[in-house]
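Examination of the molecular architecture
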Amino acid sequence: MSRTSQLGKYLIAIAIVAICTLLGCGTHKLGLANANVIMIFLVGVVLVAALCGHGPATATAILGVLVFDFFFVDPMFSFAPSDTQYFVDLGVMLGTGLLISELTSRLQTQLCIARQQEHRTAQLYILTRRLNDLAGTDGLVRGAGEQLQETVAGEVVIYLRGIDGAPNIVFGETTSIAREPTTAAEVAWVLDKHRAAGRETSKLTDAGSLFVPMIGSRHTLGVLAVRSGEGDQFLDADERRTLETSANLIALSIERDQSRSEAQQAQVQVQTEQLRNALLSSVSHDLRTPLATIAVTASSLLDGEAEQNWHAKREVIETVVDESHRLAHQVDNLLDMARLDVGQFKLDCDGQVVEEMVGVSLGQMRQELRGRPVVVQIPSDLPLVWAASELIERVLVNLLENAIRYTPPASPIEITAAKQDECVEIRLADHGPGLPPGRESQIFEKFFRGKSVVADGQRGVGLGLAICRSIVQAHGGEITAANRLQGGAEFLITLPCAALSQEVTLDEISISADS
């Protein structure tokens, strides 16, 4: 505090004593006892203590006693009381004034300390809340640095330990702290010793800045360097402890973010490994089985007797063809899934007739649908849908294959379509055992396979419905599954009408195991 401001406080004390003297004169003329005058001077002491502190209040108490003795004690205008009892009054007045001054000063000091602690707590709260709202090391460091700059009203530099153990500057590269030639050595010392150094500490006292280690739960992550705009800010030990706490908060937030990132990477690796194992297991069984069947059947045909009748040969050839189609379909699903995952599957949409796409899909599955009734009900005035015909046909083929695999051989399949608002709804329903309760959405995940009712129903990689969902969503539509009240499962495809649709692509569409 400057000498001028301190002198001003004592002048305020003198002015308040003068005012108390005037008030005391008025009270004295009214014939009131001197005790009332003493109370006026004591109130003045309280006022000065509250406004100016302990020193001016003590001076007010002493000056008040002298003024009271000079103006209000007989003989007046003299410092020698005529009655010895006045010495007791003056002593009590002086002691009470000094006591009031001391107590008021302590109260003011405690109030000031409480305000400072509240201010420091608020700073830490703001910093903590800001760190909780940020993610990524770069974002955390930038947010913390900007917040600390506002707090210290000065320069802030943040260093983080690199892979090689050396400190790397990550915030405040353009500050005067970073440009000082001695800063690098000071930061390295703090990072190595895990102790604060610089201004107002016992180490590196010649430094113009304060260097604080950023200590996390496992090790020291870096160093926080500050230079306050108020030169004496860190003279207070509490201010330095607040800065150290801020540095540790930053370190813990960075560790928390790194742990979260490591956990996410580990989870992704686990999921990737699970998907890889599932894919390898499915491929090793579901691709090898038709290949083995083709090889055995073709060998039997090659090694068969020359006089073998044509009917027997035809059955063998049909088996080879069916297994080839099955193998080709599974390979197509794997390739489609790979293209969907990397976003290389493009849509070439146009106005399409639903009835034609359904007809093409039924034609592709005519061998598998042999002997099974299929009921198709599509209104003639159904509007066109905005779609890539080959992809929607793939969706319908996968749904038909799914119905064949999970329903009895002679049960019918129903395909209906209708306009709903600005969309077209295509329903494919069967009369099988239905879907597992509570798992209606899970069936669209990769490698999910239900319990089949036919001998070879488990053959398949389990990608068909996952591909269906990706393709439909890429068209701006939706596909859902549910159990029918009368029994069986029902798949509902919703596609936008051609008149209100625009061309879309699969640039950003991919299937994930947890979608």
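Everything discussed here concerns the structure shown above.
Residues numbered from 1 in each chain as written. Predicted model: local features only at pLDDT ≥ 70, side-chain atom pairs only at ≥ 80, totals over all residues. Heavy atoms only, no water.

The number of helices and strands found in the chain is 13 helices and 12 strands. A buried classification covers 39% of the 515 residues belonging to the chain. Counted over contacts in the chain with a minimum sequence separation of 6, partners at least 24 positions apart contribute 67%. Total accessible area computed for the chain in this model is approximately 27700 Å², and 56% of it derives from carbon and sulfur atoms. (Helix = DSSP H or I, 4+ residues; strand = E, 2+ residues; numbered from the N terminus. Buried < 20%, exposed > 50% of the residue type's maximum accessible area, 1.4 Å probe, protein only. Contact = heavy atoms within 4.5 Å. Areas by Shrake-Rupley, 256 points an atom, 1.4 Å probe, with all protein chains shown as cover.)

What follows is about the pairing of strand β9 (residues 413-420). Where strand β7 (residues 374-377) meets β9, four bridges bridge the pair, whose relative direction is parallel. Pairing of Val 375 across the sheet is with Glu 414, part of β9. Pairing between β9 and strand β10 (residues 423-430): eight bridges, direction antiparallel. Bridge pairing links Ala 417 to Ile 426 in β10. Where β9 folds back onto β10 in an antiparallel hairpin, the turn is made up of two residues, including Asp 421, whose phi is positive at roughly 55 degrees. (Pairing = 2+ DSSP bridges.)

Quick look at a nonpolar patch on the surface now. Residues Leu 7, Tyr 10, Leu 11, Ile 14, Ile 62, Leu 63, Leu 66, Phe 79 and Leu 98 make up a contiguous nonpolar surface patch of roughly 800 Å² in combined accessible area. At the level of elements, α1 (3-29) and α3 (54-72) are the ones that each hand at least two residues to the nonpolar patch. With four residues, the single largest contributor to the nonpolar patch is α1. Examined against the element boundaries, Phe 79 turns out to sit in the loop between α3 and α4 (85-132). (Patch = residues over 30% accessible without salt bridge, like charges linked within 9 Å, V, L, I, M, F, W, Y side chains within 5 Å. Salt bridge = Lys/Arg side-chain N within 4 Å of Asp/Glu carboxyl O.)

Okay, the nonpolar core next. Of all hydrophobic cores here, the largest spans 46 residues; its most connected members are Val 354, Leu 399, Ile 426, Phe 491 and Ile 493. For this core, the secondary structure elements donating two or more residues are α11 (354-364), β8 (385-387), α12 (389-405), β9, β10, α13 (464-474), β11 (478-483) and β12 (489-496). Looking at which element gives the most residues to this core, the answer is α12, with nine residues. (Core = buried A, V, L, I, M, F, W, Y, C linked by side-chain atoms within 4.5 Å.)

Next up on the list: the packing of helix α2 (residues 34-52) against α3. Look at α2 against α3: their axes get within 8 Å of each other, and the N-to-C directions meet at 160 degrees. Classified by the interaxial angle, the pair formed by α2 and α3 is roughly antiparallel. α2 and α3 meet at a crossing whose hand is right-handed. In this structure, α2 contributes Asn 34, Val 37, Ile 38, Phe 41, Gly 44, Val 45, Val 48, Ala 49 and Cys 52 to the contact, and α3 contributes His 54, Pro 56, Ala 57, Thr 60, Ala 61, Gly 64, Val 67, Phe 68 and Phe 72. Broken down by class, the residue content of the contact of α2 with α3 amounts to 13 nonpolar, five polar and no charged. (Axes fitted to C-alpha atoms, helices over the stretch in contact; angles between N-to-C directions. Parallel < 35°, antiparallel > 145°, perpendicular 65-115°, else oblique. Left-handed = near helix turned anticlockwise from the far one by under 90°. Nonpolar A, V, L, I, M, F, W, Y, C, P; charged D, E, K, R; others polar.)

What follows concerns the packing of α11 against α12. Angle between the axes and distance between the axes: these two values describe a pair of packed helices. Remark: α11 packs on α12, axes separated minimally by 9 Å, with the N-to-C direction vectors making an angle of 50 degrees. Taken together, α11 and α12 sit at an angle that is classed as oblique. The element α11 and its partner α12 pack so that their crossing is right-handed. Judged by residue contacts, Met 357, Val 358, Val 360, Ser 361, Leu 362 and Gln 364 of α11 engage Ser 389, Ile 392, Glu 393, Leu 396, Val 397 and Leu 400 from α12. Residues belonging to the contact of α11 with α12 are distributed by class as follows: eight nonpolar, three polar and one charged.

A few words now on the pattern of salt bridges. The final tally for this structure, using the stated rule, is nine salt bridges. Ionic pairing is found between Arg 427 and Glu 425, a salt bridge with its closest N-O pair at 3.4 Å. When salt bridges with common partners are traced through the structure, they connect Glu 425, Arg 427 and Glu 490 into a single cluster.

Attention now moves to the environment of Gln 258. Position of Gln 258 among the secondary structure elements: in helix α8 (residues 237-286). Residue class for Gln 258 comes out partly exposed when judged on its relative accessible area of 31%. For Gln 258 and Gly 136, which are 122 residues apart along the polypeptide, the C-alpha to C-alpha distance reads 7.8 Å. What Gln 258 contacts, discounting residues up to four positions off in sequence, is Thr 137 and Arg 218.

What follows concerns the sheet that holds β7. One open sheet accounts for five strands, arranged β7-β9-β10-β12-β11; its pairing is mixed. Each edge of the sheet is formed by a strand with only one pairing partner; in this case those strands are β7 and β11. Here the average twist between neighbouring strands, direction ignored, is 15 degrees. Relative to β12, β10 runs antiparallel, the two sharing seven bridges. Bridge pairing in β12 places Leu 428 opposite Phe 491. Most of the contacts of α12 go to β12, to which it runs at about 175 degrees, and overall it touches β9, β10, β11 and β12.

Take the packing of aromatic side chains next. Where two aromatic rings form a pair, the distance of their centres and the angle of their planes describe that pair. This model, assessed by the stated rule, comprises two aromatic pairs. Between the aromatic rings of Phe 70 and Phe 71, the centroid separation amounts to 5.0 Å while the plane-to-plane angle is 80 degrees, which identifies the pairing as edge-to-face. For the pair Phe 444 and Phe 491, a centre-to-centre distance of 6.3 Å together with 85 degrees between the ring planes defines the contact as edge-to-face. Taken together, the positions of Phe 444 in the loop between β10 and α13 and Phe 491 in strand β12 put the pair 47 residues apart, joining distant regions of the chain. For Phe 444, a relative accessible area of 4% corresponds to the buried category. The class for Phe 491 is buried, based on a relative accessible area of 2%. (Phe/Tyr/Trp six-rings, centres within 6.5 Å; stacked < 30°, edge-to-face > 60°.)

Looking now at the pairing of β11. Two elements, β11 and β12, share six bridges in a ladder whose sense is antiparallel. Paired with Ala 481 across the strands is Phe 491, a residue of β12. Between the antiparallel neighbours β11 and β12 lie five residues, among them Gly 487 with a positive phi of about 105 degrees.

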